[in-house]
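Summary of the model geometry
Letter by letter, the chains look like this.
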There are 2 protein chains.
Amino acid sequence: MDRNLLVGQSGGPTAAINSSLAGVVRAAMAHPDIGRIYGACNGMEGFLQGRVVDLTAVLREAEDLERLRATPAMALGSCRYKLPAPPAPVYERIRRLFHAFGIGYFLYIGGNDSMDTVQKLSAYFASVGEDVRCVGVPKTIDNDLPCLDHSPGFGSAARFIATAVTEIACDSAVYHVPSVTIVEIMGRNAGWLTASSVLARRACGGAPQLIYLPEVPFDPEKFLGTLETMSRTQEHLVVAVSEGLRLEDGRYLAENPHAAADSFGHSALAGAGKYLEGLVRDRFGCKVRAVELNVLQRAAAHLASAADLDEAGRLGECAVQAAGAGRTGVMTTLRRLSDHPYLVDYSWAPLEQVANRERKVPTEWIAPSGCDVTRAMVDYLCPLVRGEVERFQSGGLPVPFIIPRDYVKAPGTEK
Amino acid sequence: MDRNLLVGQSGGPTAAINSSLAGVVRAAMAHPDIGRIYGACNGMEGFLQGRVVDLTAVLREAEDLERLRATPAMALGSCRYKLPAPPAPVYERIRRLFHAFGIGYFLYIGGNDSMDTVQKLSAYFASVGEDVRCVGVPKTIDNDLPCLDHSPGFGSAARFIATAVTEIACDSAVYHVPSVTIVEIMGRNAGWLTASSVLARRACGGAPQLIYLPEVPFDPEKFLGTLETMSRTQEHLVVAVSEGLRLEDGRYLAENPHAAADSFGHSALAGAGKYLEGLVRDRFGCKVRAVELNVLQRAAAHLASAADLDEAGRLGECAVQAAGAGRTGVMTTLRRLSDHPYLVDYSWAPLEQVANRERKVPTEWIAPSGCDVTRAMVDYLCPLVRGEVERFQSGGLPVPFIIPRDYVKAPGTEK
C-alpha cells in the first residue's frame, strides 16, 4: 500500500524555501511508492494543532509549482517549535497522528534548529521500530549549515545584497562632499552574507571599501583609523558590517534592549550600523548614514538567483529520493565539484553531523587586515548569484502563490 | 553658428533621472542647432568649480545611452546648491562661463529646489538681454511637483515600494502568532509614496491593512484603537506609514536629533516606524517590527518601471525641443489623457507655476477613515508601475554606467 508524505517548513524565511517545497512535491508526485502529499502548516507545531493541507489537491497544475517556486517566504508557514528531548508525551502524539494520516515519509525544510527536529523524530521512530523516514532539506540565508558547499537561500540573499549595495553606492556618491555609508547586513555569527557585499565592488567606485565580518573581533579605534586613512584618497566610503559584530571581549557592538531572546535562546540584535554611524559622526563630523538592508535580504524573491532556486528545488527532489530509498535521519547535501564550469553534485549526510553546528567563514578567506575578504571568497560567491528567475507578475507587481488554508482531517477521522 | 548645451542634475537621486539625461543627450545629438553637449558634474555648484565633462565625447554608442538610462542615482552627480536672489556676483560668473563654453541652452534635471535655479537663471539672462534658454526637466520620487500628472522617478519608487511591501507581507505572515509590521516609507510632506503601498494589497492577505499619509494629522490613540479592532479578525497586520507623520499640533511623530537641517532648511526626519513600533509593543505586548524601506526606494533601478523611464526620457527630449524652439523659464510637463488605455501627452509650464510649490495627495483620494486611500488612488497608480526595463548585468549583478570625470576646460582657455 502507498504511504503518504508529510512536508513542512520551519525556521526563518528565505527566497528559496518554496522552491524546495516545489521540488519535494514534484518528486513525490512522480514517486511510485508515495500516495498523498500532506503539508504541515506552521511546521511541526501546526501539525500538532491539526493544520494540515492536502498538497496533492492544491498543487494540481504544473504552473502552480512554477509559481510556488518563485514565491518568497514560506507558503506553508513556519514555526519556531523545538521538540523536547525524548522521552516526552509529544512523540507518542506525533506517532498517532502519523498513523492517522498514513505518513511514511516526513520531510522538513529548515535550518540548524529544524534539523534537530528531524533527527529526534528519526531516532524516535527507529526506537519504536517503525519505518517512518525522516529527511531534512537544508535552507538558511546565513549559509552556516555544515556538510554543504552553501545553503539554499544564501545565493538569492547574496544577489540581493550585492545589488542593493551597488545601488546604495551609486546613491551615496552623488554629492561632492565626503561621506561614509554604513550598510548593516544580516548574519548573527557567520559573515557569509556580509561577505557577499564584495560582489558589488567592481560596479561603483570600489564600494564597499571595507567589509567587517563577525568572525573577527571588532576594534572601534582601529576602524576609525582605517576610515580616516582611506578618506584621504576616497571621497565616498561604503562600509559593509555584519549585524553580529562583537568587541574583543565578546559583547555585541549593539544590542536591542526591547527585543527578547527567541525561543532558541538567540538574543536579538539590532543597530550595529546605527551604532557605528554615531561613532563616525562623533569622531569626524562628516556626512554619515547607516542603512539596514533588513528583511528584504531574505524576502526579495524578485532578485532570487536562478542557480539558488534550481539547487533548492533539486535538494527537495533528492530528499524524496533518499526517503524513497530507505534513508532516514539524513539531510540532503550539495557539494561543489568545480568553479569553472560551476558544477555541483547532490548527496546526503547523517543529521548528527549537521544539527546544532555552525559553519563560519574560514580564516583564510578573510583578508589579514580583518576588514576585507580574499579572492577565494569572490570565486566562491560568483556562481551562486547567477541567473534570472521567471517572475510571476501582474501589472508590474509580484503575484505570490498562496496555499489555501483548507485543513483536512486524517482519513480515518473524516467519516 | 551652433550653440552648445549644458545639462546638469540636482537634488536627490531617483531611478529615472539618468533616463532623463539620456533623453536630453539623445535629442540634443539629433538637433540641428545644437553643437556640443556639456555635462555639469555636481550641478551648478560643480559647474562653477570647473567640473564639466564633454558628453558628446563620452556617450558615443547607442548602447551607452541605454545603459545610462538603466543606471540608478545621478551619473553627473548632484548638488544642494541654492542660487542667491539676484543681483549677486555669481550670476556674472555664470554668464562668463557660459560665454566661454558657448552655452546657448541650459537644461537642469531636478525637483522643486532645482527649478528655482532654472527660473533665476532664465530671468537673469533675459534681464541682460542674452538668448540663453533655460529649461527644467522634472524629477522627484516624492511626486509633489505641480503641473504634472506625476513626476518621473515616482513610478519606479512606487513599484519598488509595492514589491517590497508584498514581500515583507509574505515574510511577516509565516508564524502563527499575532504580529504587527510597520513599514516606514519616504515622503516628508506628501503621501504619494506611502499611498503606493496599496498596490501590494491584492497579493498577500490584504496587506498593508492600514495606510497613514502625512496629509492627515496622526492620532496615536485612534491608531492603537484601530489596530486593536483589526487584530481581532486578522492575525498579521502590516501598516504603511509615512516618515513625515505629524501629530495634530504639527510636530513630527519622530525627529532625528543627530541630523541637521539640510541646506534648504528641511529638517531631517527619522524614526516614525521605530516610534510606532515602541508604541504598539508597549500597549499590546505583541510581536511588532518596524521596517524602514530606506534609500532603495529611490535607488532600486533593478525594479524601475518601464513606464517611468520612458516618460522620464521623453521629458528630457521635450526639454531640448522646447529650448530649441525658443522657450526659456519653463519646465517640461506631462498630462494624463486617459487611464484605459493609459495615455499621456507632453507640454511645458512656466516655472513660476512650479518652483517652491508642493502638490499633496488630494483629500478625496484619502479614505474618510484617514487610514487608507480610495479606488481613485489605485487607478491613478496602476499605470505608473508597469513594464520591465532591460537590465544591464554581468553574472547576475547590475553594471551601472559611470561617466568618467575627464573634466574639460572651456574651448577658449584650452590653448
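Keep in mind that this is a model prediction, so the values were computed, not measured.

What follows is about the sheet that holds strand S8 (residues 236-242) of chain A. All names here are of chain A. Strand order in the open sheet made by the four strands is S7-S8-S6-S9, with parallel pairing throughout. At either margin of the open sheet sits one strand with a lone partner, and together these are strand S7 (210-212) and strand S9 (287-292). When strand polarity is set aside, the average angle formed by the axes of neighbouring strands in this sheet is 15°. Summarising the sheet, S7 and S8 pair through three bridges and their orientation is parallel. Across the sheet, the residue bridging to Ile211 is Ala240, located in S8. Across the sheet, helix H7 (residues 154-172) is in contact with strand S6 (179-185), S8 and S9; its angle to S6 comes to roughly 160°.

Let us now look at the packing of helix H5 (residues 89-101) of chain B against helix H6 (residues 112-127) of chain B. All names here are of chain B. Running from amino to carboxyl end, H5 crosses H6 at an angle of 75°, the nearest separation of the two axes being 11 Å. Between H5 and H6, the angle is such that the two are roughly perpendicular. Residues Tyr91, Glu92, Ile94, Arg95 and Phe98 of H5 form the contact with H6, whose participating residues are Lys120, Leu121, Tyr124 and Phe125.

Glancing now at the environment of Leu245(B). Residues and elements named next belong to chain B. Tracing the chain through its elements places Leu245 in the loop between strand S8 (236-242) and helix H10 (272-284). Residues Leu245 and Pro217, spaced 28 residues apart in sequence, show a C-alpha to C-alpha distance of 7.1 Å. Discounting chain neighbours no more than four positions away, the residues touching Leu245 are Tyr212, Leu213, Pro214, Phe218, Arg251, Tyr252, Leu253 and Leu276.

Right, let's talk about the relation of the copies chain B and chain A for a bit. The two copies are related by a screw motion: chain B maps onto chain A through a turn of 180° and a shift of 0.0 Å along the axis, at an RMSD of 0.0 Å. Read as a symmetry element, the transformation amounts to a two-fold axis. When the interface residues of chain B are mapped onto chain A, 100% of them are again interface residues, pointing to one common binding face.

Let's shift gears to the packing of aromatic side chains. Residue and element names in this part refer to chain B. Using the criterion set out here, one finds 28 aromatic pairs over all chains in the structure. Ring geometry for Phe98 against Phe106: centres 5.8 Å apart, planes inclined by 50°, an arrangement best described as tilted. Here Phe98 matches Phe106 in class, with each residue buried. Aromatic side chains Trp365 and Tyr380 sit 5.0 Å apart centroid to centroid with 55° between the ring planes, which places their arrangement in the tilted category. Placement of the pair is Trp365 in the loop between strand S11 (343-350) and helix H13 (375-381) and Tyr380 in helix H13, with a sequence separation of 15 residues.

This next bit is on the environment of Val183(B). Residue and element names in this part refer to chain B. Tracing the backbone through its elements, the reader meets Val183 in strand S6 (residues 179-185). Exposure remark for Val183: the relative accessible area of 1% places this residue in the buried category. Separated by 107 residues in sequence, Val183 and Ala290 have C-alpha atoms that sit 5.8 Å apart. Excluding its chain neighbours within four sequence positions, the residues that come into contact with Val183 are Val165, Ile168, Val238, Val239, Ala240, Val241, Val291 and Leu293.

Counting residues at the interface gives 56 residues for chain B and 56 residues for chain A. Carbon and sulfur atoms make up 57% of the surface buried where chain B meets chain A, a total of about 4,700 Å² over both sides. When residues of chain B are sorted by the area they lose upon contact with chain A, Glu167(B), Tyr175(B) and Leu397(B) head the list and together hold 14% of the total. The interface formed by chain B and chain A includes four salt bridges. Of the charged contacts in the structure, one is a salt bridge between Arg391(A) and Glu388(B), with a shortest N-O distance of 3.6 Å. At the junction of chain B and chain A, the tally comes to 25 residue pairs in polar contact (both at pLDDT 80 or more).

Further remarks concern H6(B). Residues and elements named next belong to chain B. The first and last C-alpha atoms of H6 sit 23 Å apart over 16 residues, in line with the 22 Å expected at 1.5 Å per residue. Looking only at H6, the buried set comprises Asn112, Ser114, Met115, Asp116, Thr117, Val118, Lys120, Leu121, Ser122, Tyr124 and Phe125. Next to the buried residues of H6 lie helix H2 (43-48), H5, strand S4 (103-110), strand S5 (133-138) and strand S10 (330-338). Gly129 sits one or two positions beyond H6 and adopts a positive phi of about 75°.

Our next topic: the pattern of salt bridges. As a working rule, side chains carrying opposite charge can pair if their charged atoms are close by. With the rule as written, the count across this model stands at 46 salt bridges over all chains. The partner of Asp372(A) in a salt bridge is Arg201(A), with the nearest N and O atoms 3.0 Å apart. You can see Asp372(A) sitting in the loop between strand S11 (343-350) and helix H13 (375-381) and its partner Arg201(A) sitting in the loop between helix H8 (192-195) and S7, a full 171 residues away along the chain. When the shortest N-O distance is used, the salt bridge between Arg336(B) and Asp339(B) registers 2.8 Å. When its relative accessible area of 25% is taken as the criterion, Asp339(B) is described as partly exposed.

Below, the discussion takes up the side chain of Lys120(B). Position of Lys120(B) relative to the elements: it lies in helix H6. Overall, the relative accessible area of 17% leaves Lys120(B) in the buried class.

Attention shifts here to the pairing of strand S10 (residues 330-338) of chain A. Residues and elements named next belong to chain A. Sheet analysis places strand S5 (residues 133-138) next to S10, joined by two bridges and oriented parallel. Paired with Val135 across the strands is Val330, a residue of S10. When S10 meets S11, the two strands line up antiparallel, connected through eight bridges. When the sheet's bridge partners are listed, Thr332 is paired in S11 with Trp348.

All names here are of chain B. Read across the sheet, four strands follow the order S7-S8-S6-S9 without closing on themselves; strand pairing throughout is parallel. Of all the strands in the sheet, just strand S7 (210-212) and strand S9 (287-292) have a single pairing partner and so form its edges. The sheet shows a mean angle of 15° between the axes of neighbouring strands, direction not considered. With seven bridges joining them, S6 and S8 adopt parallel strand pairing. From the neighbouring strand, Ser179 faces S8, where its bridge partner is His236.

Next up on the list: unusual backbone geometry. Leaving glycine out, the prevailing phi sign among residues is negative, and the prevailing peptide bond configuration is trans. Cis geometry marks the peptide bond from Pro86(B) to Pro87(B); its omega dihedral reads 0°. Its location among the elements puts Pro87(B) in the loop between helix H4 (62-69) and H5. Backbone geometry places Ala73(A), a non-glycine residue, at a positive phi of 60°. The residue Ala73(A) is located in the loop between helix H4 (62-69) and helix H5 (89-101) in this model. On the accessibility criterion, Ala73(A) (1% relative accessible area) is buried. In this structure, Asn143(A) takes a positive phi of about 60° despite not being glycine. One can find Asn143(A) in the loop between S5 and H7.

About the cut-offs
Residues numbered from 1 in each chain as written. Chains lettered and ligands numbered in written order. Predicted model: local features only at pLDDT ≥ 70, side-chain atom pairs only at ≥ 80, totals over all residues. Heavy atoms only, no water. Pairing = 2+ DSSP bridges. Helix = DSSP H or I, 4+ residues; strand = E, 2+ residues; numbered from the N terminus. Axes fitted to C-alpha atoms, helices over the stretch in contact; angles between N-to-C directions. Contact = heavy atoms within 4.5 Å. Parallel < 35°, antiparallel > 145°, perpendicular 65-115°, else oblique. Least-squares fit on C-alpha atoms with pLDDT ≥ 70 in both. Phe/Tyr/Trp six-rings, centres within 6.5 Å; stacked < 30°, edge-to-face > 60°. Buried < 20%, exposed > 50% of the residue type's maximum accessible area, 1.4 Å probe, protein only. Buried area = accessible area lost by both parts, 1.4 Å probe. Salt bridge = Lys/Arg side-chain N within 4 Å of Asp/Glu carboxyl O. Polar contact = N/O pair within 3.5 Å; in protein donor to acceptor, adjacent residues only side chain to side chain. Expected span 1.5 Å × (residues − 1).

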